[in-house]
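Inside the fold
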Amino acid sequence: MMHRVPNKHGGGAQTNINGLYFEQTTSLDTALLHAGYEVKEYPVYYNGKIIGMSVPQYRLYSHFLKPSGIDYSNYNSKAWRPDEAFINFGNKTAYIIEKKF
């Protein structure tokens, strides 16, 4: 019979509580503003020029994918639910943000 090895690296209920608090109290938009960008609801500007979009969870679909004619089901079997996403128009890249405490 093997004995259970205790978890020395964290996890469990307290991790979930800390993680949820962290997700709810941090914002990509706030980080962008502190870095000198301007955020107007979802569009992100730098020196007055639109450079991309910052969108939370389901807004990824309603404010970016659907208006861009992208059907996620052609690429993935289920809907993505990132904490936040930044779509960079310059290099045509979507950065998926998953917050971890």
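In this text, all values refer to a predicted model and were calculated from it rather than measured experimentally.

What follows concerns the overall build of the chain. Secondary structure summary: the chain contains three helices and five strands in total. Helices and strands appear in the chain in the N-to-C order α-α-β-β-β-α-β-β. Within the chain, buried positions represent 22% of all 101 residues. As displayed, the chain has an accessible area near 7900 Å², and 55% of this comes from carbon and sulfur atoms.

Okay, the packing of aromatic side chains next. Applying the stated criterion across every chain, the model contains two aromatic pairs. Measuring from centroid to centroid gives 4.9 Å for Tyr37 and Tyr46, while their planes differ by 45°, and the two rings are tilted. A relative accessible area of 29% means that Tyr37 is categorised as partly exposed. Taking 5.2 Å as the distance between ring centres and 75° as the angle between the ring planes, the aromatic pair formed by Tyr61 and Tyr72 counts as edge-to-face. Placement of Tyr61 in helix H3 (residues 59–65) and of Tyr72 in the loop between H3 and strand S4 (84–88) is noted, with a sequence separation of eleven residues between them. When its relative accessible area of 14% is taken as the criterion, Tyr61 is described as buried.

This part covers the sheet that holds strand S2 (residues 43–46). Here we have five strands laid out as an open sheet, ordered S1-S2-S3-S4-S5, and antiparallel in their pairing. Each of the sheet's edge strands pairs with one partner strand only, and the pair in question is strand S1 (38–39) and strand S5 (93–97). Summarising the sheet, S1 and S2 pair through two bridges and their orientation is antiparallel. From the neighbouring strand, Val39 faces S2, where its bridge partner is Val44.

The next thing to look at is the pattern of salt bridges. All chains considered together, the criterion is met by one salt bridge. For the salt bridge of Lys40 with Glu38, the shortest nitrogen-to-oxygen distance reads 3.6 Å. Overall, Glu38 belongs to the partly exposed group, its relative accessible area being 37%.

It is worth spelling out the nonpolar core at this point. Residues Tyr42, Met53, Val55, Leu60, Tyr61, Phe64, Leu65, Ala85 and Ile87 constitute the largest nonpolar core, which totals nine residues. Of all the secondary-structure elements, those providing two or more residues to this core are strand S3 (49–56), H3 and S4. In terms of residues, this core owes the most to one element, H3, which gives four residues. Among the nonpolar cores identified, the runner-up in size contains five residues, and Leu28, Leu32, Val39 and Val44 belong to it.

Thresholds, definitions, all that
- Residues numbered from 1 in each chain as written.
- Predicted model: local features only at pLDDT ≥ 70, side-chain atom pairs only at ≥ 80, totals over all residues.
- Heavy atoms only, no water.
- Helix = DSSP H or I, 4+ residues; strand = E, 2+ residues; numbered from the N terminus.
- Buried < 20%, exposed > 50% of the residue type's maximum accessible area, 1.4 Å probe, protein only.
- Areas by Shrake-Rupley, 256 points an atom, 1.4 Å probe, with all protein chains shown as cover.
- Phe/Tyr/Trp six-rings, centres within 6.5 Å; stacked < 30°, edge-to-face > 60°.
- Pairing = 2+ DSSP bridges.
- Salt bridge = Lys/Arg side-chain N within 4 Å of Asp/Glu carboxyl O.
- Core = buried A, V, L, I, M, F, W, Y, C linked by side-chain atoms within 4.5 Å.

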